[in-house]
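Descriptive analysis of the structure
The residues making up each chain are set out below.
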Amino acid sequence: MAPPNVTCEFVHHPTEALTEEAVEVFAGPGVMREDPAALALSGGNISLIEDLGRTMLRSLLLCPGVSHTFTARDETGALIGFTVFSLPGQHMLSTPEQMEIARLNEFMIKMSEVSKEGPAYYEKTMMKEVPELNDKALGIQEAERNTYWCNFAMVRADYQGKGVAKAMFELAFNEADKLGATVALTTTNIRNVPIYETIGLQQCGEPETLQSPWVEWGLWFFKRTPPGSQLTTEVTTQERI
């Protein structure tokens, strides 16, 4: 159970203001700032972490019909956590509209100014390598598109370990069950593995280590099938805040 001063809710119409609040949590200390994945996907320059988070968040929150957003706020109204799930059939940064709203091209240009290798690494890793690893570990073709995919699960450092993530996931599980959808995600931080297991997700496959020109980083894979149902999109050859 989350602390009594915390309110969690499903936000049906995310705004630009909420997006900026989420960027601040994402880039904050003890969240993604120290995560090697953030350094790798920022072209080896962690000063771009806000731009990285903003690009991805805008493509999900500000495009109607693409995702569900759940927030946690304290008694002052400050955002202390959020989760974002792309809906089955949707995928982050997969349409021209999403790319335009996300200002993806601006982010790539900015990253290229500090790292010539950055844009190509981001595209190769996020558009090809990671999706293939997800499909293999989870046993679902186009897993990010064919599940209720958790793109973000972030809790401010001073509220971690207090049940905030679990409270937001309980709201998300309720929405996923209405859709009859499998919830799936990856985490880039090993400390999140027992948290997701406690929340009700099952670890799948083997952890993977990805290489970048700047740092290596890991992926752990999780899913939760809706109660009383079976996957219908399994890969025929087999079967991560």
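Higher on the page you've got the structure.
In short, a report on the structure. What you see is a predicted model; the values in this text were computed from it and never measured.

The phi angle of most residues is negative, glycine excepted, and most peptide bonds adopt the trans form. Despite not being glycine, Leu93 has its phi angle at roughly 55 degrees, a positive value. Positionally, Leu93 belongs in the loop between strand S3 (79-86) and helix H4 (96-102). The phi angle at Arg103 is positive, at roughly 60 degrees, despite the residue not being glycine. Mapped onto the secondary structure, Arg103 falls in the loop between H4 and helix H5 (104-114). Overall, the relative accessible area of 39% leaves Arg103 in the partly exposed class.

A word on the side chain of Arg73. Examined against the element boundaries, Arg73 turns out to sit in strand S2 (residues 67-73). Of note is the side chain of Arg73, whose polar atom sits 2.7 Å from the backbone oxygen of Gly77. Non-local contacts of Arg73, meaning those with residues more than four positions away in its chain, are made with Asn5, Val6, Thr7, Leu18, Glu21, Ala78, Leu79 and Ile80.

This part is about H5. Every buried residue of H5 is listed here: Leu104, Phe107, Met108 and Met111. Looking straight down H5, one finds its buried side chains confined to an arc of 100 degrees; they lie on one side. Residues Asn105, Glu106 and Glu113 are exposed on H5 and point more than 90 degrees away from its buried face. Of the surrounding secondary structure, the elements contacted by the buried residues of H5 are helix H2 (36-41), helix H3 (49-61), H4 and helix H6 (118-138).

Once that is clear, we can look at the sheet that holds strand S7 (residues 217-224). The sheet built from seven strands is open, its strands ordered S1-S2-S3-S4-S5-S7-S6 with mixed pairing. The outermost strands of the open sheet, each flanked by one partner alone, are strand S1 (7-11) and strand S6 (202-210). Along the sheet, successive strands turn relative to each other by an average axial angle of 20 degrees, direction set aside. Relative to strand S5 (residues 183-187), strand S4 (residues 148-155) is paired through two bridges, and the arrangement is parallel. Paired with Trp149 across the bridge in S5 is Ala184. Taken strand by strand, H6 contacts S4, S5, S6 and S7, and its axis lies near 45 degrees from that of S7. Sheet contacts for helix H8 (residues 164-179): S1, S2, S3, S4, S5 and S7; angle to S4, the most-contacted strand, approximately 165 degrees.

Rules and cut-offs
- Residues numbered from 1 in each chain as written.
- Predicted model: local features only at pLDDT ≥ 70, side-chain atom pairs only at ≥ 80, totals over all residues.
- Heavy atoms only, no water.
- Helix = DSSP H or I, 4+ residues; strand = E, 2+ residues; numbered from the N terminus.
- Buried < 20%, exposed > 50% of the residue type's maximum accessible area, 1.4 Å probe, protein only.
- Polar contact = N/O pair within 3.5 Å; in protein donor to acceptor, adjacent residues only side chain to side chain.
- Contact = heavy atoms within 4.5 Å.
- Arc of directions from axis to C-beta.
- Pairing = 2+ DSSP bridges.
- Axes fitted to C-alpha atoms, helices over the stretch in contact; angles between N-to-C directions.

Any functional reading would require information beyond the geometric quantities listed.
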